[in-house]
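Summary of structural features
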Protein chains: 2
Amino acid sequence: MNPKEFDLKGYLSTKRTLIDRALERWLPYAVGHAAPVKEAMRYSVGAGGKRVRPILILAGGQVVGASDHLLLPAACAMECLHTYSLIHDDLPAMDNDDLRRGKPTCHKIFGEALAILAGDALLTFAFELMTNPELTSEIQPERINRAVFVLARAAGESGMVGGQAADILNEGKTVEAQVLHYIHYHKTAALLGASVEIGAILGGGCEEDIIRLRRYGQALGLAFQIKDDILDIEGDQNVIGKPTGSDARQKKVTYPSLFGIETAKAKALELLNEAISLLEPFNHKAEPLRAIARYVIDRNR
Amino acid sequence: MNPKEFDLKGYLSTKRTLIDRALERWLPYAVGHAAPVKEAMRYSVGAGGKRVRPILILAGGQVVGASDHLLLPAACAMECLHTYSLIHDDLPAMDNDDLRRGKPTCHKIFGEALAILAGDALLTFAFELMTNPELTSEIQPERINRAVFVLARAAGESGMVGGQAADILNEGKTVEAQVLHYIHYHKTAALLGASVEIGAILGGGCEEDIIRLRRYGQALGLAFQIKDDILDIEGDQNVIGKPTGSDARQKKVTYPSLFGIETAKAKALELLNEAISLLEPFNHKAEPLRAIARYVIDRNR
């Protein structure tokens, strides 16, 4: 198959629909004495989102021959976990954002207390979905344990929460390259890497495949972050849908601000090539992951 | 063995030391770019605490013949999860408490953003500990999955978070018995019940033992909550260490305020008897659970 022929747009749209339907089915219904917290969970999960992380789980699993059906609970878990991080990041004590994807943030609608609780509940629900016996009976228990461990490591203080903490602690400071890398890697790449890795683990991949796919996901995650920073400088704000130049205004240290825009572009391209070369041993089953990697660099929004 | 002879004080003190040492060893060290969030995690976990939930895991496991060694990771996970709930409950947007157990609350020391993140990290770390391959290799993977699922269900929107949400949503309102029961059961009893159940699951208990021990834990949890409400009316504040009568001042609906103090006492006693009778098939290995149940009712603080 000619890689140029792969219909990424169609692929992403199909998988997104699949994930959205599963989330709709599995998220708790807003009934009972705690209904508003469940409503808040559903509101934030339903408020748009490209479903990148869950799609990476499905695409990672596909490389090792797994069906979407097998991986959907983990894919939904990953999206719940990602949504929790957005809800908490938006809180007044954190980034204090009123809007996300053009809609009021969770705490603007439900108040701070329920937003904190909805985030807590979504994080917890991710682990419930990962281990729900009714949804995971076809997966070897060892593999479920391992996937839960990978998810927790990538999400917690040694991963995403650590990155968010470092970001907050260094706000307004001129940070060194090492700190910038720590923040980029932990805030974004850790969870993207874990997504592909979890797909490979639950999908039944061998050790070598799992390691390759984790490394692909980490390279992809870093490239994604650098490209975001480049778009904030060079992007067309009509295409991106939000004002550009915000990093510069906030005096935020980014990869381009530290190393220059050309070096940033070269680094992103290097990471893309690394990601693609990691997929070399895999056949056409890795085509979605190849197309996603190219898209991350080529996109203009 | 005569039950009267069981040295509960010695038992609790020995287990508490064991748990405190393991927490000290396993909690992330406050190093690296995200050091303050790890420091906040350690601060709150280390700020006292009777370690009731983790001790219930050890005691529940002992009934089915498991060693403390096998159950310590799950016991520490439970304490991390409990601590996360305290940190988030104390936040300004929630109960807005400056002190807990006589010490400044997490957000008073580290600020709100880091307190939210420390809570998130502790909740996530609980699932990391439960599935850490270096610590859990002696447990059947099926049992670990099941314990993770029980923990998530008891902690999330269908358990503790649901109870906390219902409590906040009904603040200042005159609630019906049904709502009060929902809040009591979900906020406190769910996690206490899960603790004993998780001990039985990971300890290798049979299905019947697991169900009995879960029901014991739930009865214990409800009795504990009712006794707390009774102490707030009849307790000696010099013994309790905090002012009594706060429920009445806050016009909080409690079991005694709804049904009268005598009915509340009778209900607590009924739950104690239920808890003890559930332990009937077990021999002296259930002595700690029997003594804990009696203590919950007899205590004067």
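Residues numbered from 1 in each chain as written. Chains lettered and ligands numbered in written order. Predicted model: local features only at pLDDT ≥ 70, side-chain atom pairs only at ≥ 80, totals over all residues.

A separate point is the overall build of chain A. A tally of helices and strands in chain A yields 16 helices and 2 strands. The C-alpha radius of gyration computed for chain A amounts to 19 Å, which stays within 12% of the reference 19 Å derived for 301 residues, consistent with globular compactness. Taken along its principal axes, the extent of the C-alpha atoms in chain A is 50 × 50 × 35 Å. Counting the 301 residues in chain A, one finds 53% classified as buried. (Helix = DSSP H or I, 4+ residues; strand = E, 2+ residues; numbered from the N terminus. Rg over C-alpha atoms; globule rule 2.2 N^0.38 Å. Buried ≥ 20, exposed ≤ 12 C-beta atoms within 10 Å, placed from the backbone.)

What follows covers helix H8 (residues 160–169) of chain B. Here H8(B) lies mainly inside the structure; 9 of its 10 residues are buried. Residues of H8(B) that are buried include every one of B:Met160, B:Val161, B:Gly162, B:Gly163, B:Gln164, B:Ala165, B:Ala166, B:Asp167 and B:Ile168, and no others. Among the structural elements, helix H2 (35–46) and helix H6 (112–131) of chain A together with helix H4 (68–90), helix H7 (141–155) and helix H9 (177–202) of chain B are those in contact with the buried residues of H8(B). (Contact = placed C-beta atoms within 7 Å.)

On to the relation of the copies chain B and chain A. If you rotate chain B by 180 degrees and push it 0.0 Å along the axis, it lands on chain A with an RMSD of 0.0 Å. Such values leave the two copies arranged in the relation of a two-fold axis. No C-alpha of chain B approaches the rotation axis more nearly than that of B:Pro141, which lies at 2.7 Å. Here 100% of the interface residues in chain B have copies in chain A that are interface residues too; the copies meet face to matching face. (Least-squares fit on C-alpha atoms with pLDDT ≥ 70 in both.)

It is worth spelling out the confidence of the model for chain A at this point. Per-residue pLDDT for chain A averages 93, and the proportion of residues at 70 or more is 98%. Our summary of model confidence lists the complex with pTM equal to 0.96 and ipTM equal to 0.96. (pLDDT = per-residue confidence, 0-100.)

Right, let's get into the interface of chain B and chain A. Taken residue by residue, the interface counts 47 residues in chain B and 47 residues in chain A. Contributions of two or more residues to the side of chain B that touches chain A are made by helix H2 (35–46), helix H6 (112–131), H7, H8 and H9 of chain B. If you tally residues by element for the side of chain B that touches chain A, the top one is H6(B), at 13 residues. For the side of chain B that touches chain A, the per-class residue count stands at 30 nonpolar, 10 polar and 7 charged. (Nonpolar A, V, L, I, M, F, W, Y, C, P; charged D, E, K, R; others polar.)

Residue and element names in this part refer to chain B. One can describe the packing of helix H3 (residues 52–63) onto H9 by two numbers: an axis separation of 7 Å at closest approach and a directional angle of 40 degrees. One finds that H3 runs oblique with respect to H9. Where H3 crosses over H9, the two elements pack in a sense that is right-handed. Each of Arg53, Leu56, Ile57, Leu58, Ala59, Gly60, Gly61 and Val63 in H3 lies in contact with H9, whose residues at this interface are Leu191, Leu192, Ser195, Val196, Glu197, Ile198, Gly199, Ala200 and Leu202. Among the residues making up the contact of H3 with H9, the classes are represented as 11 nonpolar, 4 polar and 2 charged. (Axes fitted to C-alpha atoms, helices over the stretch in contact; angles between N-to-C directions. Parallel < 35°, antiparallel > 145°, perpendicular 65-115°, else oblique. Left-handed = near helix turned anticlockwise from the far one by under 90°.)

Our focus in this paragraph is unusual backbone geometry. The phi angle at A:Asn96 is positive, at roughly 50 degrees, despite the residue not being glycine. Inspection of the secondary structure puts A:Asn96 in the loop between helix H4 (68–90) and strand E1 (99–100).

Turning to the nonpolar core, a few remarks are in order. In terms of nonpolar packing, the biggest core is built from 197 residues, with A:Ala118 and B:Ala118 touching the most fellow members. The residues contacting A:Ala118, other than those within four sequence positions of it, are A:Val37, A:Ala40, A:Met41, A:Ser44, A:Ile87, A:Cys106 and A:Phe110. (Core = buried A, V, L, I, M, F, W, Y, C linked by C-beta atoms within 7 Å.)

Time to look at helix H1 (residues 8–26) of chain B. Residues and elements named next belong to chain B. Relative to the 27 Å expected for 19 residues at 1.5 Å per residue, H1 spans 27 Å between its end C-alpha atoms, a close match to the ideal helical length. For H1, the complete set of buried residues consists of Lys15, Ile19, Ala22 and Leu23. Around the axis of H1, the buried residues are gathered within 100 degrees of arc, so they sit on the same side. Exposed and oriented more than 90 degrees from the buried face of H1 are Lys9, Gly10, Ser13, Thr17, Arg21, Glu24 and Arg25. (Expected span 1.5 Å × (residues − 1). Arc of directions from axis to C-beta.)

Right, let's get into the environment of B:Tyr295. Residues and elements named next belong to chain B. Looking at the secondary structure, you find tyrosine 295 in helix H15 (residues 287–298). With 13 C-beta atoms packed within 10 Å, tyrosine 295 lands in the partly exposed category. Residues tyrosine 295 and glutamine 140, spaced 155 residues apart in sequence, show a C-alpha to C-alpha distance of 33 Å.

Attention shifts here to the packing of H8(B) against H9(B). Residues and elements named next belong to chain B. It is the contact of H8 with H9, at a shortest axis distance of 7 Å, that shows an interaxial angle of 145 degrees. The element H8 and its partner H9 pack so that their crossing is left-handed. Together, Met160, Gly162, Gly163, Gln164, Ala166 and Asp167 of H8 and Val179, Tyr182, Ile183, His186, Lys187, Ala190 and Leu191 of H9 make up the contact between the two elements. The class makeup of the residues in the contact of H8 with H9 is 7 nonpolar, 4 polar and 2 charged.

Residues and elements named next belong to chain B. Mapped onto the elements of the fold, alanine 77 is located in helix H4. It is 20 Å that separates the C-alpha atoms of alanine 77 and glycine 205, two residues lying 128 residues apart in sequence. When residues no more than four places from it in sequence are discounted, the contact partners of alanine 77 are Ala126, Leu129 and Met130.

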